[in-house]
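Residue-level structural notes
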Amino acid sequence: MNNLIADSESSIRLAIFLGMFLLLAVAEVLFPRRKPVYSKPKRWLSNLTISALNTLVVRISFPIAGVAAALLAQDRQWGLLNQLPIAAWLNIIMFLLLFDLAIYWQHRLFHVVPWLWRFHRMHHTDVDYDLTTGNRFHPVSILISAAIKIALVIGLGASAAAILIAEVLLNVTAMFNHSNLKLPEGVDRILRIILVTPDMHRIHHSTDSIEHNANFGFNFPWWDRIFGSYIDQPKATHDTIDIGIAGFQDQESIDIFPLLIQPFKNPAT
Ligand SMILES: [Zn+2]
Ligand SMILES: [Zn+2]
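Residues numbered from 1 in each chain as written. Chains lettered and ligands numbered in written order. Predicted model: local features only at pLDDT ≥ 70, side-chain atom pairs only at ≥ 80, totals over all residues. Heavy atoms only, no water.

A word on the packing of aromatic side chains. Considering all chains together, one arrives at 11 aromatic pairs under this definition. Judged by centre distance (5.2 Å) and plane angle (20°), the rings of Phe95 and Phe99 are stacked. In this pair, Phe95 and Phe99 are both assigned in helix H5 (residues 88-112), 4 residues apart and thus about one turn of the helix distant. When the centroid spacing of 5.0 Å and the interplanar angle of 65° are considered together, the rings of Trp105 and Phe227 count as edge-to-face. On the criterion of sequence distance, the pair formed by Trp105 in helix H5 and Phe227 in the loop between helix H12 (222-226) and helix H13 (256-265) is long-range, its members being 122 residues apart. (Phe/Tyr/Trp six-rings, centres within 6.5 Å; stacked < 30°, edge-to-face > 60°. Helix = DSSP H or I, 4+ residues; strand = E, 2+ residues; numbered from the N terminus.)

Viewed as axis vectors pointing N to C, helix H3 (residues 66-76) and helix H7 (residues 139-156) meet at an angle of 25°, and their least axial separation amounts to 8 Å. Judged by the inter-axis angle, H3 sits roughly parallel to H7. Crossing of H3 over H7 shows right-handed handedness. Side by side, H3 and H7 meet where Gly66, Ala69, Ala70 and Ala73 of the first sit next to Lys149, Ile150, Val153 and Ile154 of the second. Of the residues that constitute the contact of H3 with H7, the class distribution is 6 nonpolar, 1 polar and 1 charged. (Axes fitted to C-alpha atoms, helices over the stretch in contact; angles between N-to-C directions. Parallel < 35°, antiparallel > 145°, perpendicular 65-115°, else oblique. Left-handed = near helix turned anticlockwise from the far one by under 90°. Contact = heavy atoms within 4.5 Å. Nonpolar A, V, L, I, M, F, W, Y, C, P; charged D, E, K, R; others polar.)

Attention shifts here to the coordination of the zinc ion (ligand 2). Looking at the metal site, the zinc ion (ligand 2) is ligated by His123 (NE2), His178 (NE2), His201 (NE2) and His205 (NE2), spaced 2.1 Å from it. Considering all 4 donor atoms around the zinc ion (ligand 2), angles at the metal cover 91 to 166° and the coordination shape is irregular. All donors of the zinc ion (ligand 2) belong to a single chain; written as a sequence motif, their spacing is H-x54-H-x22-H-x3-H. The metal-metal distance between the zinc ion (ligand 2) and the zinc ion (ligand 1) is 5.5 Å. Separated by 55 residues along the polypeptide, His123 in helix H6 (residues 114-124) and His178 in the loop between helix H8 (160-177) and helix H9 (185-191) bring together distant segments of the chain. (Donors = N, O, S within 2.8 Å, 3.2 Å for Na, K, Ca; no water. Tetrahedral: all angles 85-135°; square planar, octahedral: opposite > 155°, others 65-115°.)

Here you go:
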């Protein structure tokens, strides 16, 4: 089982990414939530090029991937979950919960530590909000996240299946909850019991500072409710809410090169 996961990790991830991307891209056209402000092909080219660049940067910089780290931890009996006499499925569930909780706090940290915010800010300076926003992260913030992920896998003692599921889930939900998709109100309400929905996470991308400092969750919506950072609905309507960061509304927030140097150029806001 572990060998199978290690051998087919990249193909599984790529196939699920492409399938979900196509599905959401079509759904966004059929049921759009908001009218895009800027040219979609230009934004998509930038956001997807940055996403591809991030994959490359992580592969080059990290000699060990999540699955390989999990196999190593299991082999050496490292990490909390490897010490507990629990079934494989429980290892997966416990890791998914603890991993998502850690990512919630990592996200909050990226908002309060000024130099971390400069790198995370690029995700927020997207002038529109659609599934490609979910793949738009500065390479430096991706490298920091990758290091934290490896530390969590080893420290918590995730199984290979657990980290693979966690990574795939994160990738899929990031595209889903950033999508420009209009879900019926009742569906959003039911989904929001277990999952961060597009309407929930869009509030975090509002230019309004109170809304912007809320709804940090990635997969599960519970952490925001538990730690008091949950906002149910924006002050404006979902189709008129202003997206982005004040002062970053022009071409500099779309073209690839200005985006990559954005953290080094502008003062932290
Ligand atoms: Zn954020
Ligand atoms: Zn986001």
